[in-house]
Amino acid sequence: MRDWKLAFHTRSHWVHHQMDLFATAEAIKQAGYDAVEISMPHLKTLSIGTMTAGDRASFKRRFADIGLEIGAISGHSTVCHEQADVRDHEVRFFKQALDFAADVGCAVVNTHAMYRISGPPGFLRQESGESYRQFRTRVYPEPPPSRRGFLLEVLGDLGRHALDRGVAVGLEDLDHTPELFWEGLIREIDSPGLRQNLQVHKGTTPAAALRERADILVHFHMKPPTEGAGYEGWSLGEYIDFINALEETSFPRDYFTIEEHSELDPHVTAARLHRYFRRLLA
């Protein structure tokens, strides 16, 4: 078994305690972790578009002083929006995130493609009385076949930018139908700069998804075993099978990233989850 680096997503510390990034990093380090994934809200607070080279070097040193690595960055942007002004803004920000990642020594910036014809960019919320399946179908619609070329152009451009900077886009597998539309786009573009961030929300077991997609995976999000708020983790057997699949497929990165979305307090859960997964990885 390789020596995995346990990473914790910074989202929960922002959502529940509005902690700034460095206070969050200190708390995550204290809970025993080796690395973080910087959440989108925290990334936004950094004003990366105006950071100088000196600012970025200072940022990198500060994380090193804390004793944490930056395993990934959440740069989630609605890069496939049909409205040109919205799309241009989102793509420009995401390229800034790729540049920032390269400058601070982070190899992956994760995002959803989030195809949208109109309306606001970014995340949407589940409506009252709407099931989670209905929500996902509404928020993550599969684009019409006629727009495939448009999507290939946008994602190909981001992949080329990432490759030029020596990093990769981690496109989340948010497909809600068996056609695996976004996975197909990644395979068609076939660039080391555009890969998949494994979420495993549908249709298969985590280990089976990993084995089937090993050639295009660059990152994964591990669901905690108990989250609350309607989020369900995997069974113990699924966690163990997934870990075995990571070894079998020689997954190329050593970060084992835990992402929480629930109402649970990370000051309580982070250390507990660290102990849980460290035992499984022993």
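All values reported here derive from a predicted model rather than from experimental measurement. (Residues numbered from 1 in each chain as written. Predicted model: local features only at pLDDT ≥ 70, side-chain atom pairs only at ≥ 80, totals over all residues. Heavy atoms only, no water.)

(A) Representation of the overall build of the protein. In terms of helices and strands, the protein carries 11 helices and 10 strands. For 282 residues, the compact-globule estimate of 2.2 N^0.38 gives 19 Å, and the C-alpha radius of gyration of the protein, at 18 Å, lies within 12% of that figure. Taking the principal axes of its C-alpha atoms as reference, the protein extends roughly 50 × 45 × 40 Å. When the accessible surface of the protein is split by element, carbon and sulfur atoms take 51% of a total near 12,300 Å². (Helix = DSSP H or I, 4+ residues; strand = E, 2+ residues; numbered from the N terminus. Rg over C-alpha atoms; globule rule 2.2 N^0.38 Å. Areas by Shrake-Rupley, 256 points an atom, 1.4 Å probe, with all protein chains shown as cover.)

(B) Spotlight on the packing of helix α5 (residues 84-104) against helix α7 (residues 148-164). Look at α5 against α7: their axes get within 9 Å of each other, and the N-to-C directions meet at 25°. In this view, α5 runs roughly parallel relative to α7, as classed from their interaxial angle. Here the hand of the crossing between α5 and α7 comes out right-handed. For the pair formed by α5 and α7, the contact residues are Arg-87, Val-91, Phe-94, Lys-95, Leu-98 and Asp-99 on the first element and Phe-150, Val-154, Asp-157, Leu-158, His-161 and Ala-162 on the second. Partitioning the contact of α5 with α7 into residue classes produces seven nonpolar, one polar and four charged. (Axes fitted to C-alpha atoms, helices over the stretch in contact; angles between N-to-C directions. Parallel < 35°, antiparallel > 145°, perpendicular 65-115°, else oblique. Left-handed = near helix turned anticlockwise from the far one by under 90°. Contact = heavy atoms within 4.5 Å. Nonpolar A, V, L, I, M, F, W, Y, C, P; charged D, E, K, R; others polar.)

(C) Broad picture of the pairing of strand β5 (residues 168-172). With five of five residues buried, β5 lies mostly within the body of the structure. A two-sided burial pattern is seen for β5, the buried positions comprising Ala-168, Gly-170 and Glu-172 on one face and Val-169 and Leu-171 on the other. With four bridges connecting them, strand β4 (residues 108-111) and β5 associate as parallel partners. The partner of Thr-111 across the bridge, within β5, is Leu-171. Examined bridge by bridge, β5 and strand β6 (residues 194-198) share four bridges and lie parallel to one another. (Buried < 20%, exposed > 50% of the residue type's maximum accessible area, 1.4 Å probe, protein only. Pairing = 2+ DSSP bridges.)

(D) Highlighting the packing of α7 against helix α8 (residues 181-189). Contact pair α7 / α8: the axes reach a minimum separation of 10 Å and the direction vectors enclose 60°. With respect to their mutual orientation, α7 and α8 come out oblique. Between α7 and α8 lies a crossing of right-handed hand. In this structure, α7 contributes Arg-148, Leu-151, Leu-152, Leu-155 and Gly-156 to the contact, and α8 contributes Phe-181, Trp-182, Gly-184, Leu-185, Glu-188 and Ile-189. Here the residues of the contact of α7 with α8 are counted per class, giving seven nonpolar, two polar and two charged.

(E) Here's a closer look at the nonpolar core. Within the largest apolar cluster, 72 residues are counted, with the highest numbers of intra-cluster contacts made by Phe-59, Phe-63 and Phe-256. Here Phe-256 is in contact with Trp-4, Lys-5, Leu-6, Ala-7, Phe-220, Met-222, Ile-243, Leu-246, Phe-277 and Leu-281, once residues within four sequence places are set aside. Core analysis: the next-biggest nonpolar cluster, separate from the first, contains five residues, Met-114, Phe-135, Val-139 and Tyr-140 among them. (Core = buried A, V, L, I, M, F, W, Y, C linked by side-chain atoms within 4.5 Å.)

(F) Focus on the sheet that holds strand β7 (residues 217-222). Spatial ordering of the closed barrel is given by β1-β2-β3-β4-β5-β6-β7-β10, a layout of eight strands whose pairing is parallel. Sheet twist, expressed as the mean angle between neighbouring strand axes with direction ignored, is 30°. Pairing geometry for β6 and β7, over three bridges, is parallel. Within β7, the residue paired with Leu-198 across the bridge is Phe-220.

(G) Main features of the pattern of salt bridges. Under the defined criterion, the tally for this structure stands at 17 salt bridges. A salt bridge links Glu-127 to Arg-138; the nearest nitrogen and oxygen atoms lie 4.0 Å apart. Here Glu-127, found in the loop between β4 and α6 (132-139), pairs with Arg-138, found in helix α6; they are 11 residues apart in sequence, far enough to count as distant. Notably, a salt bridge pairs Arg-211 with Glu-248, separated by 3.0 Å at the nearest N-O pair. (Salt bridge = Lys/Arg side-chain N within 4 Å of Asp/Glu carboxyl O.)

(H) Geometry of the packing of aromatic side chains. One pass over the full model with this rule turns up 16 aromatic pairs. Considering the side-chain rings of Phe-220 and Phe-256, the 5.4 Å spacing of their centres and the 85° angle between planes classify their relative orientation as edge-to-face. Placement of the pair is Phe-220 in strand β7 and Phe-256 in strand β10 (residues 255-258), with a sequence separation of 36 residues. With respect to burial, Phe-220 and Phe-256 carry one shared label: buried. An aromatic cluster of three or more residues is present, and its members are Trp-4, Phe-220, Trp-234, Tyr-239, Phe-242, Phe-251, Phe-256, Tyr-276 and Phe-277. Directly above the ring of Phe-93 sits Lys-44, whose terminal nitrogen or CZ lies 4.0 Å from the centroid. The side chain of Arg-148 reaches across the aromatic face of Phe-181, ending 5.4 Å from its centre. (Phe/Tyr/Trp six-rings, centres within 6.5 Å; stacked < 30°, edge-to-face > 60°. Lys NZ or Arg CZ within 6 Å of the ring centre and 35° of its normal.)

None of the figures reported here should be taken as evidence of function without further support.
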